[in-house]
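# Topology and contacts: notes
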Amino acid sequence: MSTTELEVKLELDKESVSRLPEKEALRRMSLGHPARKKLQSTYYDTAAHRLRDEAASLRIRWDGRNWVQTLKYGTRVEHGVSNPVEIECVLQAPQLELDRIDDPDIKPWLSSVLSEGPLEPVFETDIDRDIHLLRCDDIGTVELAIDKGAVRNPEGSADINEVELELKSGLPFALLTVSELLFDGERITASTVSKAERGYALSRPPGDAAIGGVHAHRPVLDADWPAGKAFKTIGRSAAGQVLDNWILLSHSDDSEVPHQLRIGLRRLRVCLKVFQSYLTSKDLQRLAREARDMGRIVGDLRNTDVLFEDIAQPAIEALGTDKNHRAMLKHLDKNRQRLRRQVRKSLGTKRWTHFKLNCMLFEQALDRAFLGAATPPPDESVRTASARELERMWHKVQKKGRNFADHSIEQRHELRKTLKSMRYTSEHFLQLYPGEDPGLFFSKLKQLQNVFGYLNDVAIAEELEAAISKDLPRRKDLRHSMGEIVAWHRDRSDKAMQKADRRWNKLMQTEKFWRT
């Protein structure tokens, strides 16, 4: 028999795992006493690991009562969430019985795998599992498995300390609600691998570290989709970008990582803001605030990277390197590395547990918001909803951009953020409007936003120049260097302002694609 599971997989430190059974939330939701099992599993594959390559696993497990053969496919864990199809049967002895796998869709594929060579044991897991059946507010039943143990093969072993939550019945967002209640106050990590992948990793040489940040995935939308479905799809993409770069930031020094994390956070906030014009929800408002707060922390790091790479380095390259400029580069690099360590520490705390869980289970978060809404959202297509939202945002751009040449630095920064929001919203919805050239507006908008981005970076450099003069009065070398850097950019910023005026006028004249 085949079944489809919906699971959340989290990694916790040993102390957090030990605290879980004593949590009041767990006791309150528990149905009866926990079951304790010792699970011993042997995983099988071909010599070339064909099952692994097909995102599948095959094991025989002793669960304390029976030998159970299980084939799983679609086993990849994405942002701590797994949704595999499972085919299992009880065996009389610990020997594979592949003829018991009678799913007509699976048998031809399995025959193809076996044609490449026999199946053989590749690794074993030895797990002590505590199983709690939890009931949450009549919305669903969830099985919590607390696993402690190890995975082993002849080449080595690795410890396992993780929890799995599986939806057994009820509404899918029960997984999110239960996770929020259980892990409040705990530091969690979204698991990126299954137990099978941990076993394969023992024999796999470590790969190269990831280079660069994870860029946005552009989801495909259909103009006839309900607005809610489209918002789910867009938000899931943004939440995934946040989670991917959040993980990378914990070990990567590449400046593109915080940049892409901040973009993901901005995209998520834009999606939530659009969605809240369609549906009011306190849960979504909290999620938007958390994305904003994280964006500010990551934004400070991104600004120090920009000062070093996009402001100081190009100017010094043009001006010529001397001892003052070398001192400035050393000073800026030291500051950004210090801030990088601070950001890593901040984003690794339990403060972000709620935000992380809602990003992992973003679709379930929206489902919960739908159900809890005092007023049902309108029944309309995404094209109708997007046209209304794009028009609203465009009026905001026009209002904030009026007489922008006379703006203060703060006003110009606000205009830049509004242009960004307009850009990210347009980026997703362009595909819904098959006009002559819907991308023309987006191209003009992006060009204008880039100019204001440069002007904002120069303003940050001017603020740093003033701060150095105030806080480091004895560092004449830094004051001299930053003065030359700012002067070099100031000349270019005057030209950029003229360019912004021309591009603003062109954007005003460009056809607004959502009005067609």
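Here the structure is a predicted model, which means the values were calculated and not measured.

Across its full length, the protein chain holds 16 helices and eleven strands. Summarising its shape, the C-alpha atoms of the protein chain cover approximately 80 × 60 × 50 Å along the three principal directions. Expressed as a percentage of the 516 residues in the protein chain, the buried residues total 51%. Carbon together with sulfur atoms contributes 48% to the accessible area of the protein chain, which is approximately 25000 Å² in total. A gap of 7 Å separates the mean positions of the 84 positive and 78 negative side-chain charges of the protein chain.

This paragraph deals with helix 12 (residues 362-372). When helix 12 is considered as a whole, its buried residues turn out to be F362, Q364, A365, L366, R368 and A369. Along its buried surface, helix 12 packs onto helix 5 (174-183), helix 7 (227-249), helix 8 (256-276), helix 9 (282-319) and helix 11 (353-360).

This model, assessed by the stated rule, comprises zero disulfides. In this model C271 remains outside any disulfide bridge; the closest cysteine sulfur is found in C359, 11 Å from its own.

Taken over all residues, the pLDDT of the protein chain has a mean of 90, while the share at 70 or more is 97%. Low confidence marks residues 206-210, where pLDDT is under 50. Its contacts with residues over four positions away, or in another chain, come to one contact.

It is worth spelling out the pairing of strand 8 (residues 120-136) at this point. Of the pairings in the sheet, the one linking strand 3 (residues 35-45) to strand 8 comprises eleven bridges and is antiparallel in character. Of the residues in strand 8, the one forming a bridge with Q40 is D126. Bridge count between strand 8 and strand 9 (residues 140-153): 13 bridges; the pairing is antiparallel. Paired with D130 across the strands is I146, a residue of strand 9. The hairpin formed by strand 8 and strand 9 contains three residues between the paired strands, and D137 there has a positive phi angle of roughly 50°.

Between side chains of opposite charge, pairing is possible as soon as their charged atoms come close. Within the structure shown, the criterion is met by 42 salt bridges. Two residues, E164 and R129, come together in a salt bridge whose shortest N-O distance is 3.8 Å. Here R129 lies in strand 8 and E164 lies in strand 10 (residues 156-170), a separation of 35 residues in the sequence. For the pair shown, E164 and R129 are each scored as buried. Its salt-bridge partner being D491, residue R492 comes within 3.9 Å of it at the nearest N-O pair. One connected set of salt bridges, linked through shared partners, spans E7, K9, E11, R129, D147, E162, E164, K195 and R198.

Moving on to the environment of W246. Note that W246 resides in helix 7. Accessibility expressed as a relative area gives 7% for W246, which makes it buried. Along the primary structure W246 and K37 are separated by 209 residues, whereas in three dimensions their C-alpha atoms are 34 Å apart. Setting aside residues up to four positions removed in sequence, W246 forms contacts with L261, M294, L347, W352, F355 and K356.

Bringing the packing of helix 11 against helix 12 into the picture now. At a minimum axis separation of 4 Å, helix 11 and helix 12 run at an interaxial angle of 95°. Between helix 11 and helix 12, the interaxial angle falls into the category roughly perpendicular. Side by side, helix 11 and helix 12 meet where N358, C359 and M360 of the first sit next to F362, A365 and R368 of the second. When its residues are assigned to classes, the contact of helix 11 with helix 12 shows four nonpolar, one polar and one charged.

Further remarks concern the side chain of R336. Structurally, the position occupied by R336 is in helix 10 (residues 323-347). When neighbours within four sequence positions are excluded, R336 is seen to be in contact with S255, L301, T304, D305, F308 and E309.

Turning our eyes to something else, we now look at the nonpolar core. Residues L10, L165 and F355 are the most contacted members of the largest nonpolar core, which totals 99 residues. For this core, the leading source of residues is helix 7, giving eleven residues. F355 has contacts with V242, W246, L265, L268, L287, E290, A291 and M294, leaving out every residue within four places of it along the chain. L39, Y44, C89 and W109 belong to the second largest nonpolar core, which has 24 residues in total.

One simple way to see leftover space: roll a probe sized like a water molecule over the atoms. For the structure on display, the rule yields one cavity of 30 Å³ or more. There is about 70 Å³ of room inside the largest cavity. Elements that contribute at least two residues to the lining of the largest cavity include exactly helix 7, helix 8 and helix 14 (409-429). When grouped by side-chain class, the residues that make up the lining of the largest cavity number seven nonpolar, two polar and one charged.

With that out of the way, let us pick up unusual backbone geometry. Although it is not a glycine, A55 adopts a positive phi angle of roughly 55°. For A55, the location among the structural elements is in the loop between helix 3 (50-53) and strand 4 (56-62). Under the relative-accessibility criterion, A55 is labelled buried at 8%. Positive phi outside glycine occurs at D138, with the angle close to 60°. Of note, D138 is situated in the loop between strand 8 and strand 9. Take D138: its relative accessible area is 67%, and that puts it in the exposed class.

Definitions and limits used
Residues numbered from 1 in each chain as written. Predicted model: local features only at pLDDT ≥ 70, side-chain atom pairs only at ≥ 80, totals over all residues. Heavy atoms only, no water. Helix = DSSP H or I, 4+ residues; strand = E, 2+ residues; numbered from the N terminus. Buried < 20%, exposed > 50% of the residue type's maximum accessible area, 1.4 Å probe, protein only. Areas by Shrake-Rupley, 256 points an atom, 1.4 Å probe, with all protein chains shown as cover. Lys, Arg positive; Asp, Glu negative; His and termini not counted. Charge placed at Lys NZ, Arg CZ, Asp CG, Glu CD. Contact = heavy atoms within 4.5 Å. Disulfide = S-S within 2.5 Å. pLDDT = per-residue confidence, 0-100. Pairing = 2+ DSSP bridges. Salt bridge = Lys/Arg side-chain N within 4 Å of Asp/Glu carboxyl O. Axes fitted to C-alpha atoms, helices over the stretch in contact; angles between N-to-C directions. Parallel < 35°, antiparallel > 145°, perpendicular 65-115°, else oblique. Nonpolar A, V, L, I, M, F, W, Y, C, P; charged D, E, K, R; others polar. Core = buried A, V, L, I, M, F, W, Y, C linked by side-chain atoms within 4.5 Å. 1 Å grid on protein atoms, 1.4 Å probe; cavity = no way out; pocket = protein on both sides within 12 Å on 5 of 7 lines; lining within 4 Å. Points joined across faces, edges and corners; volume = space filled by probe spheres on them.

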